[in-house]
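# Overview (structure and organization)
This is what each chain is made of:
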Amino acid sequence: MTKYIFCTGGVVSSLGKGVAAASLGRILRSRGISISAQKLDPYLNVDPGTMSPYEHGEVFVLADGAETDLDLGAYERFIDEDLTRASNVTAGQIYQQLIARERHGDYLGKTIQVIPHVTNLIKESIMQVGRESGAEVVVVEVGGTVGDIESQPFLEALRQMRKAVGRDNTLYVHVTLLPYLGATGELKTKPTQHSVRELRSVGIQPDVIVCRAERPITDAIREKIALFCDVDERAVVPLPTVETIYEVPLLLEEVGLGDYVIERLNLPPGKPDLAEWRQLVAEIKRPKPVVRIAMVGKYVALHDAYISVREALCLAAVHCGCAAEIEWINSEDLERGEGLDRLAAVDGIIVPGGFGHRGIEGKVVAARYARENKVPYLGLCLGMQVMTIELARHAFGSDEPNSTEFNPNTAYPVIDLMSEQRTISDLGGTMRLGIYPCRLVDGTRARAAYGTELAFERHRHRWELNNMYRKPLEAAGMVFSGLSPNGRLVEIAELRDHPYMVGTQFHPEFTARPTRPHPLFVALVQAARERAAKGG
């Protein structure tokens, strides 16, 4: 039977609960235990696909096309498994299913209530991951903080899971904060005690308490928390802030959390193999030469809006024996003529995805600067489209070329709405989503980077390169180095006479892994290093 580990958070949000859950999955996987993961989000949106990145950070797209919480990106990077849409459940999805069943007549004669109807659906969604994945252990994270009114049905469902699948098949992990008071020079445990009391009030006694802190946690503090919160002392796990999140699995293993979970869930014992992970962390922390890469976007005030891009870049840099220093540039600044000096100081440029006209002309400025100054450039989804718009403007001698997303009446619609999107009015979950094949063309930079004839990448877009403009763009120096198998859709474009100017219609950042960096990011970093070595 599948076993379940439930991770809740207390005291404050943004403690790194997702990283803690993913790290726990990593140390179990290192023992040969099959792992899957799930995020339960209490908000009423069906998914984060229509949210502003400032509301919820990045939308992480799964292979099956699900638009999910950014924590699923952490899960995939840490446990190295492709997840499915069952791995992200929101309150909006639960209530949508509930109302649909009620309207269908599935509950005839019944009064529909939070208990048992809502909680039953939540439990079904949790156990679905176990059934579909066949994993020995499913790590389930509940979004938000204990005490939030919207999370109450989810916590109640978690309480009922112990009865549904058995005490030996469930483990409750609570992640809390130990705040440091400078006036007294102490870490305070009272907020953790109150958070555990709040969790107990809904019928959940945590088995493990993970304590986040900015200062070292002494054995005396662990003893105190164990006493007041009624957990084993070895189950009070210190988790101080570290230099890199990839160090967290090593810290959790070092304090014995892996062995404790194995014992508590009666899992087969095994020696953890974290050698490759230790090597990765050592390489990340080792002093290395720096390459400076500009990230040009309109959500740069919140770095989590581009978290997968950042991780893909930094991991590729580690693979290349250097460290990536990111220069975050607001594309709206470039529209106002500001920030060009910052572009001049970098070794490479990334223009990530996005939607809407705001900041677009600033991204075009970045693409023009990269083309004219031979700066290595990687455009992701919209980043490929603005690269195309910029080249078309240069080739046609006009500022008119554009995407119909930004100017429906442009005389040169070099980027246009996909034909299958023209009759769609709903915005949620209706784009070209998920994994599609890409045929790579011989003799191109993309083919050289991948080293294969076929690649499979994740998409999230409505607009595409207009095939009517392929020939004039080719004449202007653009090479279509990646195509859909039928040749109809341009997946990768690059410039012929440029050290590295590549744009992808897909999102390569979603498939980058700590020990398997994405080849297009690796190629960008290599080109940036060469430019830096030549002094720009």
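Going by the structure above, here's the rest.
Here's a quick rundown of the structure. (Residues numbered from 1 in each chain as written. Predicted model: local features only at pLDDT ≥ 70, side-chain atom pairs only at ≥ 80, totals over all residues. Heavy atoms only, no water.)

## Overview of the pairing of strand 7 (residues 170-177)
With seven of eight residues buried, strand 7 lies mostly within the body of the structure. Alignment of strand 1 (residues 3-9) against strand 7, held across six bridges, turns out to be parallel. Counted as the bridge partner of Ile5 is Leu171 from strand 7. Relative to strand 10 (residues 208-213), strand 7 runs parallel, the two being bridged by five bridges. Pairing of Val175 across the sheet is with Val210, part of strand 10. (Buried < 20%, exposed > 50% of the residue type's maximum accessible area, 1.4 Å probe, protein only. Helix = DSSP H or I, 4+ residues; strand = E, 2+ residues; numbered from the N terminus. Pairing = 2+ DSSP bridges.)

## Some points on the environment of Gly92
The topology assignment puts Gly92 in helix 4 (residues 91-104). The class for Gly92 is buried, based on a relative accessible area of 7%. For the pair Gly92 and Val12, spaced 80 residues apart in the sequence, the C-alpha separation amounts to 23 Å.

## A closer look at unusual backbone geometry
Between Ile115 and Pro116 the backbone carries a cis peptide bond, its omega angle lying at 15°. Its identity is not glycine, yet Lys374 carries a phi of approximately 55°, on the positive side. Structurally, Lys374 is set in the loop between helix 15 (360-373) and strand 15 (377-380).

## Description of helix 16 (residues 382-396)
Since the α-helix advances by 3.6 residues per turn, residues separated by three or four positions end up pointing in the same direction. If you check helix 16, its first and last C-alpha atoms are 21 Å apart, about what 15 residues at 1.5 Å a residue would give, namely 21 Å. Taking burial as the measure, the 15 residues of helix 16 include 12 buried ones, the bulk of the element. Along helix 16, the residues that are buried comprise Leu382, Gly383, Met384, Gln385, Val386, Met387, Thr388, Ile389, Glu390, Leu391, Ala392 and Arg393. Of the residues trailing helix 16, Gly397 is marked for its positive phi of about 65°. (Expected span 1.5 Å × (residues − 1).)

Distances and angles like these do not, on their own, reveal function.
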